[in-house]
Amino acid sequence: MSLLVNILGLLLIAAIVWWFWLAGRKNGGEHYSDTLEILVKDGVYDPDRIEVPAGEEITLHFRREDPSPCAEYVVFSDLDISKQLAVHKVTELNLPALQKGEYPFTCQMKMYRGLLVSR
């Protein structure tokens, strides 16, 4: 019986690792627009890759549908910017003009992951 419990535990760990770090995301990316909403739900940002114009200030719109504490904040660690996201509401996050490059964003526990690509 304990062997079965251990096997089920390992399978659960493998499923969690696959879901959060290894699974390919369905979106190849979205181009930024003033109306683009980033859905925060079920452990992912959708879209999780956003292309934005370099050298322009932008406003991102996050719609958080996941009430878990992990999804409470979005963090742009490279930019030293974070914002608390309201549940079932759209939260705007203003970003300064970015240089060309890639800027990852995560939740506070780094389980949700996304990428802002400035071109």
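To start, this report covers the structure provided alongside it. (Residues numbered from 1 in each chain as written. Predicted model: local features only at pLDDT ≥ 70, side-chain atom pairs only at ≥ 80, totals over all residues. Heavy atoms only, no water.)

This paragraph deals with the packing of aromatic side chains. Counting across every chain of the model gives 5 aromatic pairs. Between Tyr45 and Tyr112, the ring centres sit 5.5 Å apart and the planes meet at 55 degrees, which makes this aromatic pair tilted. A residue pair is termed long-range when its members are at least 10 positions apart, and Tyr45 in strand 3 (residues 44-46) and Tyr112 in the loop between strand 9 (101-107) and strand 10 (113-118) qualify at 67 residues. For Tyr45, a relative accessible area of 2% puts it in the buried group. Ring pairs connect the aromatic residues Tyr45, Phe62, Phe76, Phe105 and Tyr112, which therefore count as one cluster. (Phe/Tyr/Trp six-rings, centres within 6.5 Å; stacked < 30°, edge-to-face > 60°. Helix = DSSP H or I, 4+ residues; strand = E, 2+ residues; numbered from the N terminus. Buried < 20%, exposed > 50% of the residue type's maximum accessible area, 1.4 Å probe, protein only.)

This paragraph deals with the pattern of salt bridges. Taken as a whole and judged by the stated rule, the model has 3 salt bridges. Where Glu37 meets Arg63, a salt bridge forms, and the shortest distance between an N and an O atom there is 2.7 Å. Residue Glu37 is located in strand 2 (residues 37-41), and its partner Arg63 is located in strand 5 (residues 58-64); the two are separated by 26 residues in the primary sequence. Glu37 gets classed as partly exposed once you look at its relative accessible area, which sits at 33%. A salt bridge links Arg63 to Glu65, with the nearest nitrogen and oxygen atoms 3.3 Å apart. With a relative accessible area of 30%, Arg63 lands in the partly exposed category. Members of the salt-bridge network, linked through shared partners, are Glu37, Arg63 and Glu65. (Salt bridge = Lys/Arg side-chain N within 4 Å of Asp/Glu carboxyl O.)

This part takes up the environment of Thr35. In this structure, Thr35 sits in the loop between strand 1 (30-31) and strand 2. A relative accessible area of 67% means that Thr35 is categorised as exposed.

Negative phi is the rule for most residues except glycine; trans is the rule for most peptide bonds. A cis geometry characterises the amide bond from Asp46 onward to Pro47, with omega recorded as 5 degrees. If you check the backbone angles, Asp80 has positive phi at about 55 degrees while not being a glycine. As for its position among the elements, Asp80 is in the loop between strand 6 (73-76) and strand 7 (81-84). Look at Asp80 and you get exposed, because its relative accessible area is 73%. Here the phi dihedral of Lys110 falls at roughly 60 degrees; this positive angle occurs in a residue that is not glycine. Counting through the fold element by element, Lys110 comes out in the loop between strand 9 and strand 10.

Another point: the side chain of Arg64. Here Arg64 lies in strand 5. No salt bridge is formed by the buried Arg64; the nearest opposite charge belongs to Glu72, separated by 5.4 Å. For Arg64, the side chain forms a polar contact with the main-chain oxygen of Asp66, separated by 2.7 Å. One polar contact links the side chain of Arg64 to the main-chain carbonyl oxygen of Pro67, over a distance of 3.2 Å. (Lys, Arg positive; Asp, Glu negative; His and termini not counted. Polar contact = N/O pair within 3.5 Å; in protein donor to acceptor, adjacent residues only side chain to side chain.)

A contiguous nonpolar patch, built from Met1, Leu3, Leu4, Val5, Ile7, Leu8 and Leu11 and spanning about 770 Å² of accessible area, is present on the exposed surface. Inspection of the secondary structure assignment puts Ile7 in helix 1 (residues 2-22). Judged by its relative accessible area of 40%, Ile7 is partly exposed. (Patch = residues over 30% accessible without salt bridge, like charges linked within 9 Å, V, L, I, M, F, W, Y side chains within 5 Å. Areas by Shrake-Rupley, 256 points an atom, 1.4 Å probe, with all protein chains shown as cover.)

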